[in-house]
Amino acid sequence: MGYNNGPGGNPMVEEQRSSSLWMHFSDEEKTYLEGFAEHLTLAKGDVVIEPGVVHSSLYVILKGTVRVLHVVSGRELILASLGEGQTLGELSFIESGKSSATCRALTDVALLRFDRAAMDRISEERPVLAARIWHVLALELKHRLLRTNENLASFFNISQTLTENEQFRVMYGNCFR
């Protein structure tokens, strides 16, 4: 997959910004948490998460940008571009399962990878810190769901506008003759 242990990557401001997991913790807490994580660096174009692959890891982006994609009818649909401090792999981290999207490095990236066993150890050693991690992840997922709802509403409105347009229906109908 192109993983290399060690720090690295180029900083990049992400295209979509929501909450940042890392900003909710002190330097001492970050140092503590990093002790449970695997440090990864990936080159631009490397795949972090592949769709359909079972995993249970949470990734925190330290530097760079990761694009989240879903293939629809052979075309890549960009779901998000995530940057420094943001996370990916949350759903499979919560409950181990198959990934639904491709996460690919848009730039060189540096990541922290936490597995569920690490989170279990953090929960045992520092339950209040673990509770904050889960809370922040829940807020991140909430923000993403709200953004998804807005996007779906926009797509619905566009679709409805097009299908109500007589010229579009005639033109579209002619495409299949």
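Just above, that's the structure.
Small disclaimer: the values here were computed from a predicted structure and weren't measured.

What counts, and at which threshold
- Residues numbered from 1 in each chain as written.
- Predicted model: local features only at pLDDT ≥ 70, side-chain atom pairs only at ≥ 80, totals over all residues.
- Heavy atoms only, no water.
- Helix = DSSP H or I, 4+ residues; strand = E, 2+ residues; numbered from the N terminus.
- Buried < 20%, exposed > 50% of the residue type's maximum accessible area, 1.4 Å probe, protein only.
- Contact = heavy atoms within 4.5 Å.
- Areas by Shrake-Rupley, 256 points an atom, 1.4 Å probe, with all protein chains shown as cover.
- 1 Å grid on protein atoms, 1.4 Å probe; cavity = no way out; pocket = protein on both sides within 12 Å on 5 of 7 lines; lining within 4 Å.
- Points joined across faces, edges and corners; volume = space filled by probe spheres on them.
- Nonpolar A, V, L, I, M, F, W, Y, C, P; charged D, E, K, R; others polar.
- Polar contact = N/O pair within 3.5 Å; in protein donor to acceptor, adjacent residues only side chain to side chain.
- Pairing = 2+ DSSP bridges.
- Axes fitted to C-alpha atoms, helices over the stretch in contact; angles between N-to-C directions.

### Quick word on the overall build of the protein
Moving on, step 1. Scanning the protein for helices and strands turns up five helices and 11 strands.
Moving on, step 2. When each of the 177 residues of the protein is scored for burial, the buried share is 36%.
Moving on, step 3. Restricting to contacts in the protein with at least 6 residues of sequence separation, those with at least 24 account for 81%.
Moving on, step 4. Looking at the protein as shown, the accessible area adds up to about 10,400 Å², and 57% of this sits on carbon and sulfur atoms.

### Quick look at the layout of surface pockets
Moving on, step 1. Counted as a void, the largest pocket has a volume near 790 Å³.
Moving on, step 2. As for the largest pocket, its lining consists of 28 residues, of which V68, L79, S100, R144 and T148 are closest to the centre.
Moving on, step 3. Looking at the lining of the largest pocket, the elements that each hand over two or more residues are β6 (66-72), β7 (75-82), α2 (90-94) and α4 (127-163).
Moving on, step 4. Looking at the lining of the largest pocket, the element that brings in the most residues is α4, giving eight residues.
Moving on, step 5. In terms of residue class, the lining of the largest pocket is made up of 15 nonpolar, nine polar and four charged.

### So, the environment of E29
Moving on, step 1. Tracing the sequence through the fold places E29 in helix α1 (residues 27-34).
Moving on, step 2. Along the backbone, E29 and L129 are 100 residues apart, and their C-alpha atoms lie at a distance of 8.1 Å.
Moving on, step 3. If we ignore the near neighbours within four places in the chain, the residues touching E29 are H24, R126, L129 and R132.

### Some words on the side chain of T107
Moving on, step 1. Within the secondary structure, T107 is located in the loop between β10 (102-105) and β11 (109-115).
Moving on, step 2. Judged by its relative accessible area of 11%, T107 is buried.
Moving on, step 3. At 3.0 Å, the side chain of T107 forms a polar contact with the backbone nitrogen of T65.

### Some remarks on the sheet that holds β6
Moving on, step 1. Pairing in this open sheet of four strands is antiparallel, and the strands run β3-β10-β6-β7 from one edge to the other. Edge strands, defined here as strands with exactly one partner in the open sheet, are β3 (47-49) and β7. Taken over all neighbouring pairs, the strand axes of this sheet differ in orientation by 35 degrees on average, direction set aside.
Moving on, step 2. Note: β6 against β7, seven bridges, orientation antiparallel. Bridging from a neighbouring strand, V68 pairs with A80 of β7.

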